[in-house]
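# Coordinate inspection notes
Letter by letter, the chains look like this.
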Amino acid sequence: MELQRVSVIGAGQMGGGIAQVAAQAGYQVVLLDTTEERVQAGLERIGSLLSRSVEKGKLSAEEREAILGRITLTTDLAVAGQDADLVIEAVVEKMEVKAEIFTRLDEYCPSHTILASNTSSLPITEIAAATRRPEQVIGMHFMNPVPVMKLVEVIRGLATSEETFQAVMAAAERMGKTPVEVNDYPGFVSNRILMPMINEAIFAVYEGVATPEAIDQVMKLGMNHPMGPLTLADFIGLDTCLYIMETLYEGFGDSKYRPCPLLRKYVKAGWLGRKSGRGFYSYS
């Protein structure tokens, strides 16, 4: 199955990045969000990132315009679905929201359309159950920032067909990514390993083992991590970290995945990291 038309649901940082790499790969892209302001902001963000590539000599001005010309904006889910070969959902990490979107996409999309979720931790099998085409539902977990990071976790649900899997692997490669096959378990591979490490770093702050700065220095200088775990948590968003830890804890029922009380406290205080101006560090 050769895919030509890609729709991206959600024009935020992740969805916009996915739309950008899809358009750069030559796909005709429809980018959707709930309001005109949001889709326009998403397109402007893409344009700004492409302009930086032009300034660095990685793209010509003509190539930038051609990429932007392949992106169409809409706020209508029916429009996003009607001609799509592949739909990639990149909205908030809430099962009820994703399930509703997939149910509606199942109605609007042609019978051949593949429905993919960029979820970072939620079960693909459960998302697929909201449709009448579970064999054509799959996970495509891109890393942030999408235009820079090479990895895509490609997650098979219980019913995902081999044809769907191979088509999505090929699409990820066409977008310049390195797809890795993963089975459908809470957190997949990336967050099942990463989030407990971040959570343990938060416990080290909570218990007074060391300051956030010291913990990050240990991991950068001692373990050769490019970014310390608490800086990374602030970058991801502490609310997102908490949500993934809760998904792991619920999915496995193992106390090793319990979220640190300090993480809960920061989220309740509205200290969400970079996006709120304060987390383990201040970004005022």
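Model, not experiment: these values are computed from the prediction.

The next thing to look at is the nonpolar core. In this structure, Tyr 27, Val 29, Leu 86, Ile 88, Met 140, Phe 142 and Met 175 are the most contacted members of the largest nonpolar core, which totals 39 residues. When residues no more than four places from it in sequence are discounted, the contact partners of Leu 86 are Leu 3, Arg 5, Val 6, Ser 7, Thr 113, Ile 114, Ala 116, Met 140, Val 168 and Ala 171. Of all hydrophobic cores here, the second largest spans 23 residues; its members include Leu 230, Leu 242, Tyr 257 and Tyr 266.

Each regular strand carries side chains that alternate between the two faces of the sheet. Of all five residues in strand 1 (residues 5–9), four are buried, a share of seventy percent or more. Where the polypeptide runs from strand 1 across helix 1 (residues 13–24) and back to strand 2 (residues 28–32), its parallel neighbour, the crossover connection is right-handed. As paired strands, strand 1 and strand 4 (residues 86–89) are joined by four bridges and run parallel to one another. Bridge assignment links Val 6 to a residue of strand 4, and that residue is Leu 86.

In total, this model carries 11 salt bridges according to the counting rule given. Asp 33 serves as the salt-bridge partner of Arg 38, at 3.9 Å between the closest nitrogen and oxygen. Overall, the relative accessible area of 48% leaves Arg 38 in the partly exposed class. One salt bridge connects Asp 239 with Lys 275, and the closest N-O pair in it is separated by 2.9 Å. Separated by 36 residues along the polypeptide, Asp 239 in helix 11 (residues 238–252) and Lys 275 in the segment after helix 12 (261–268) bring together distant segments of the chain. With a relative accessible area of 27%, Asp 239 lands in the partly exposed category. Connected through salt bridges with shared partners, the residues Glu 89, Glu 93 and Lys 98 form a single ionic network.

Time to look at helix 11. For an α-helix the count is 3.6 residues per turn, leaving residues at separations of three or four pointing the same way. Spanning 15 residues, helix 11 covers 21 Å between terminal C-alpha atoms, matching the ideal 21 Å at 1.5 Å per step. Leu 238, Cys 241, Leu 242, Ile 244, Met 245, Thr 247 and Leu 248 are the residues of helix 11 that are buried. In the segment just after helix 11, Gly 253 is the residue with positive phi, at about 65°.

When the UniProt feature table is mapped to this numbering, "domain: 3-hydroxyacyl-CoA dehydrogenase NAD binding" (unreviewed entry) covers residues 6–184. From the first C-alpha to the last, residues 6–184 spans 23 Å; its make-up is 44% helix and 22% strand.

Roughly 480 Å³ of volume is contained in the second largest pocket. What lines the second largest pocket is a set of 19 residues, among which Gln 20, Leu 49, Ser 53, Pro 147 and Val 148 lie closest to the centre. Contributions of two or more residues to the lining of the second largest pocket are made by helix 1 and helix 2 (36–55). Residue contributions to the lining of the second largest pocket peak at four residues, all from helix 2. When its residues are assigned to classes, the lining of the second largest pocket shows nine nonpolar, four polar and six charged.

One pass over the full model with this rule turns up four aromatic pairs. Residues Tyr 266 and Trp 271 carry aromatic rings whose centres are separated by 5.1 Å and whose planes lie at 65° to one another, so their mutual orientation is edge-to-face. Seen in terms of ring centroids, Tyr 266 and Phe 280 are 4.9 Å apart; in terms of plane orientation they differ by 40°. Their pairing is tilted. Taken together, the residues span a long stretch of sequence, with Tyr 266 in helix 12 and Phe 280 in the segment after helix 12 at a distance of 14 residues. Of the two residues, Tyr 266 and Phe 280, both sit in the buried class. Among the aromatic side chains, those forming a connected cluster through ring pairs are Tyr 266, Trp 271 and Phe 280. Sitting over the ring of Phe 165, Arg 156 keeps its end group 3.8 Å from the ring centre. One cation-aromatic arrangement involves Arg 278 over Trp 271; the distance from NZ or CZ to the ring centre is 3.7 Å.

The rules behind the values
Residues numbered from 1 in each chain as written. Predicted model: local features only at pLDDT ≥ 70, side-chain atom pairs only at ≥ 80, totals over all residues. Heavy atoms only, no water. Core = buried A, V, L, I, M, F, W, Y, C linked by side-chain atoms within 4.5 Å. Buried < 20%, exposed > 50% of the residue type's maximum accessible area, 1.4 Å probe, protein only. Contact = heavy atoms within 4.5 Å. Helix = DSSP H or I, 4+ residues; strand = E, 2+ residues; numbered from the N terminus. Right-handed = clockwise from strand over helix to strand, strands pointing away. Pairing = 2+ DSSP bridges. Salt bridge = Lys/Arg side-chain N within 4 Å of Asp/Glu carboxyl O. Expected span 1.5 Å × (residues − 1). UniProt positions renumbered as here; feature names shortened; annotations may be inferred. 1 Å grid on protein atoms, 1.4 Å probe; cavity = no way out; pocket = protein on both sides within 12 Å on 5 of 7 lines; lining within 4 Å. Points joined across faces, edges and corners; volume = space filled by probe spheres on them. Nonpolar A, V, L, I, M, F, W, Y, C, P; charged D, E, K, R; others polar. Phe/Tyr/Trp six-rings, centres within 6.5 Å; stacked < 30°, edge-to-face > 60°. Lys NZ or Arg CZ within 6 Å of the ring centre and 35° of its normal.

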